[in-house]
Amino acid sequence: MKPSKPDAKNFLDLDSDLDAVREKYKQERDKRMRTDGAAQYRELTTEATLNDVDPYVEPGFTRAPIEEETEVVIIGGGFGGLLMSARLREGGIEDFRIIEAAGDFGGTWYWNRYPGVQCDVESYVYMPLLEELGTIPTEKYAHGPEIFAHAQAIGRHYNLYKNVSFQTQVRALEWENGAERWSVRTDRRDHIRARFVCMATGPYSKPKLPGIQGLDEFAGDTFHTSRWNYDCTGGDTTGGLRNLAGKRVGVIGTGATAIQCVPHLGRDAGEVFVFQRTPSSVDIRDNAPTDPEFSKTLEPGWQQRRMDNFNILMDGNPQEEDLVGDRWTELTRGLHEVLSAHPNTADLTPEEIALIAEAVDLKKMERVRGRIDEVVEDPATAEALKPWYRYLCKRPCFHDEYLSTFNRSNVTLVDTDGKGVDKITPHAVVANGREYEVDCLIFATGFDVNSNYTQRAGYEIVGRAGEKLSEKWVDRSSTFQSFFTRGFPNCFFMMGFQSGLTPNIPHTINEQTQHLAYVIRETLDRGATTVEPSQKAEDAWGAAIEKGSSFLEIQATCTPGYFNDEGKVGETEGWLAGFYPEGSEAFFALLRAWRASGKLEGLELS
Ligand code: NDP
C-alpha cells in the first residue's frame, strides 16, 4: 500500500505523541527565552580571582619587541594556525610568523586542561595530519593531553617553533596603502609588516561568564574551566583533585565541559552542587583503546576517507558504510534506515522527509531520556536531567559516568528550571531563592561565539579605505567563500561562519588551509601584490548564505544556547552568520572544483 503521508508516530513506533512532545519542547524553550540574549554574558574580569591570566606559564615573561617584514602573519597557534603553517611550508613559503596568546601550540587543547578533558569526536577523524605524522591515537576518543601533545608534535614535525611568538596578542591590524602590506601590532610592542594575514583565532578562544549579580564578590577560590586552577584543586587532567577533599564545590553550567569534569569533582570533593539551567543530552560514550590491529588495516589516504565518510553522514547523506559508527552518525543512519524501509521513498515530499527526520530525532531523544531513568536512582533528579529539545539544538554530549555521578550522596543537582543562578554572595550561590554555601566556585559557562568578530578576536582590522571591519560587519558579516571580504585585501578568515558546518572542526580547518595556501601561492606566482573578492562575488556568496540551512531553520525553534545566538537566529552576528546551505561536504567540493579550474573566479588580483 502506498502511504500518501507517512504517519511518523506509527511508522517509527514512537513511545510518545509527537504533537505533545513538540508542545513540551516549545514550553521548555519559552521558559528560557530572554530579551538580553547573548548580552547576558560578560568577559573574564581582570580581578585577581576570575582573571584571564594563563595558569600554565611562569609569570613575568618578557622579550624584546620584534620589528620585521614577513610574507604571512598567522594569528593563532591552535589547529587552524598549525595547519595553515604546515600548508604554507608544503607550498614552499617559509617566511611567516605565527602569533599566539598562549605559551605553546594547541589552541583550545592548550587552554582546556580541566579534569576529564576529552575529545567528543572520534580521534581518528578529529586529530589532524595523523598520516603525515605517522601516528595513531591511543583511544577512539582521545583525552586532552594526548591532543595537546599532538598539536605540539605538529609544531615540531613542520619545524614551526622557530616561526612562532608565544604569549603575544595582536592588538591592531591596519592595511598600509602603497606598501600594500598589513601592519600588525601586538601587546609586546611588536611591529610586523606582512603581505598576508590569516585569522586562525578559533571559535572557542574567549571564555565567558554569566552576568550574575555578586560574581566579583565571591570570597572563595573561583575560576573558569578553561583556566583550571590546579593549585586550588590539586590533581591534573586525570583527576586526583585531593585539595578538594572535605571542600564544598559549586559548578555553574552543564554543557560539554561540565559533563566531563563533574564526575571527577564528584569523586574527589567533599560536596558538589551542580547548578543547571538547561540539561545536556548525554549519550553513551563507549570509548575504547585503539586496537593494535586497527592501524595495520589502514591504507594510505585512510584518514581523509574516514573524515569524508563521517562528514557526509553528518551532512545527512547516506554512505554504504559508517566507518566511525558512533552516536554522532546515528541520526543519519537511523533516518536512512527508515527511508530505505519505506515503500515509496522516491515519492516522499521534503515535508514528509522532514517529518520522518523529526520522528527519528524524537526516537533518539526518547532513548537519551530513557537512559537517564535507567541510571539515575532519584526520580526527581532523573526528571530534572532530561533534555527536552531536538537532538542538535544543543551540542550533544557523551559520557558514561556523568549521570551516575548524581547517585553519589555528596553530589546535588540544583536544577533552576531554566532560570539559572539568581546571584552570588561572598560565600554562596543563590538559586531558586536558596543559598548554597561553597568554598570553591567553578564556571563551566562556555565561550563567546556570538559577538561580532573583532570583539571576539580582541583587535580591530582597518582595511584599504580606512574602513573598520567592525563597521563593515556591523549588521551582517559578509564574505566570499567565508574567507575573503572586500576592502580587506590579503586578509583571510578561518572562522567557520559562511562556510560548511560540521562538528569535526579540524576537518574544516584542513580544507580551509589547503584553499588559502593555494590562493597565497597563486597570488605570488602570478606576480600580484593583492588579492580580494569582487563585490559581485561577495554579494553572490551572501545571497547563497541567505537561503539558510536546515540546521539554522531548526535552530530558530530550539531552546536558547550558543548554537542559536541564545534564541536570536538571524538577529545577531558572530558564529551564526550563516552556513553554506548545501552542507560542508558540498562546500569542500566547491572549493576543490574552484581550485581545479585555476581561474580564481570571484577574486581580483592586482
Ligand atoms: P556551553 O556554552 O556548552 O555551556 C555553558 C553552560 O553554562 C550551559 O549549560 C549554560 O546553560 C550554563 N549557564 C550559562 N549561564 C548560566 C546561568 N546564569 N546559570 C546557570 N547556568 C548557566 O560551554 P562548554 O564549555 O560546556 O562547551 C562549549 C563548547 O566547547 C561545546 O559546545 C563544544 O563544542 C566544545 N567542547 C568540546 C569538547 C570536545 O570533546 N571536543 C569538550 C568540551 C567542550 P544553558 O544551556 O541554559 O545556556
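If you're wondering where the values come from, they're calculated on a predicted model, not measured in any experiment.

Right, let's get into the overall build of the chain. A tally of regular secondary structure across the chain gives 21 helices and 22 strands. Relative to its length of 606 residues, the chain is compact, with a C-alpha radius of gyration of 24 Å against a globular reference of 25 Å. Sequence-distant contacts in the chain: of pairs separated by 6 or more residues, those separated by 24 or more amount to 72%. In the chain, the 67 positive side-chain charges and the 94 negative ones have mean positions that sit 2 Å from each other.

This part takes up the domain arrangement of the chain. Along its sequence, the chain is organised into domain 1 (37-42 + 207-285 + 359-443) and domain 2 (67-206 + 449-605). Relative to domain 2, the C-alpha centre of domain 1 lies at a distance of 31 Å. Counting residues at the interface gives 31 residues for domain 1 and 26 residues for domain 2. Both faces combined, the contact of domain 1 with domain 2 buries some 2,400 Å², and carbon together with sulfur accounts for 56% of it. Among the residues domain 1 hides against domain 2, the three largest losses belong to Thr237, Gln260 and Arg285. Together they make up 26% of the total. Taken together, the links from domain 1 to domain 2 amount to 2 salt bridges. We note a salt bridge from Arg285 to Asp120, for which the minimum N-O separation is 2.9 Å.

Once that is clear, we can look at the state of the cysteines. With the rule as written, the count across this model stands at 1 disulfide. There is a disulfide in this structure between Cys393 and Cys558, and the S-S distance comes to 1.9 Å. Taking the sign of the S-S torsion, -70° for the link of Cys393 and Cys558, the bridge is left-handed. Here Cys393, found in the loop between α14 (379-384) and β13 (397-398), pairs with Cys558, found in the loop between α20 (550-555) and α21 (584-597); they are 165 residues apart in sequence, far enough to count as distant.

What follows is about the confidence of the model for the chain. Here the chain averages 93 in pLDDT, while 96% of its residues score no lower than 70. Across residues 1-5 the pLDDT falls below 50, and counting only partners more than four positions away or on other chains, this stretch makes 10 contacts in the model.

What follows concerns the site of the ligand. Around the ligand, the structure places 27 residues, and the nearest of them are Gln118, Asp120, Thr257, Thr278 and Tyr562. Between the ligand and Val421, the relevant distance is 3.2 Å, taken from a nitrogen atom to a main-chain nitrogen or oxygen of the residue. When the ligand sits alone it has 910 Å² of accessible area, and the protein chains cover 91% of it. Per-element tally for the shell around the ligand: the top contributor is helix α9 (residues 256-268), with 3 residues. Residue classes in the shell around the ligand are distributed as 13 nonpolar, 10 polar and 4 charged. For the shell around the ligand, the two domains that each supply at least three residues are domain 1 (37-42 + 207-285 + 359-443) and domain 2 (67-206 + 449-605).

In this section: the sheet that holds strand β9 (residues 221-224). Read across the open sheet, the 5 strands follow the order β9-β18-β10-β11-β14; overall the sheet is parallel. Unpaired on one side and paired on the other, β9 and β14 (411-415) mark the two borders of the sheet. Put simply, the sheet's adjacent strands are angled 15° from each other on average, direction ignored. Each of β10 (248-252), β11 (271-276), β14 and β18 (440-443) is contacted by α9, which is oriented at about 170° to β10, the strand it contacts most.

Between its terminal C-alpha atoms helix α19 (residues 535-546) stretches 16 Å, which fits the 16 Å expected from 12 residues at 1.5 Å a residue. For α19, the full list of buried residues reads Ala537, Glu538, Trp541 and Ile545. Taken down its axis, α19 places every buried residue within 100° of arc, on the same side. Exposed residues on α19 whose side chains face more than 90 degrees from its buried face are Lys536 and Glu546. In this fold, the buried residues of α19 make contact with α17 (469-472), β21 (531-533) and α21.

Attention now goes to the pairing of strand β3 (residues 96-99). Along β3, one buried face is formed by Phe96 and Ile98 and the opposite face, lined by Arg97 and Ile99, is buried too. Bridge count between strand β2 (residues 67-75) and β3: 4 bridges; the pairing is parallel. Across the sheet, residue Val73 finds its bridge partner in β3, namely Arg97. Note: β3 against strand β4 (residues 164-165), 2 bridges, orientation parallel. Considered in β4, the bridge of Ile99 is made with Ser165.

Cut-offs used in this document
- Residues numbered from 1 in each chain as written.
- Predicted model: local features only at pLDDT ≥ 70, side-chain atom pairs only at ≥ 80, totals over all residues.
- Heavy atoms only, no water.
- Helix = DSSP H or I, 4+ residues; strand = E, 2+ residues; numbered from the N terminus.
- Rg over C-alpha atoms; globule rule 2.2 N^0.38 Å.
- Contact = heavy atoms within 4.5 Å.
- Lys, Arg positive; Asp, Glu negative; His and termini not counted.
- Charge placed at Lys NZ, Arg CZ, Asp CG, Glu CD.
- Domains from an automatic or database assignment.
- Buried area = accessible area lost by both parts, 1.4 Å probe.
- Salt bridge = Lys/Arg side-chain N within 4 Å of Asp/Glu carboxyl O.
- Disulfide = S-S within 2.5 Å.
- pLDDT = per-residue confidence, 0-100.
- Near = heavy atom within 4 Å.
- Polar contact = N/O pair within 3.5 Å; in protein donor to acceptor, adjacent residues only side chain to side chain.
- Areas by Shrake-Rupley, 256 points an atom, 1.4 Å probe, with all protein chains shown as cover.
- Nonpolar A, V, L, I, M, F, W, Y, C, P; charged D, E, K, R; others polar.
- Pairing = 2+ DSSP bridges.
- Axes fitted to C-alpha atoms, helices over the stretch in contact; angles between N-to-C directions.
- Expected span 1.5 Å × (residues − 1).
- Buried < 20%, exposed > 50% of the residue type's maximum accessible area, 1.4 Å probe, protein only.
- Arc of directions from axis to C-beta.

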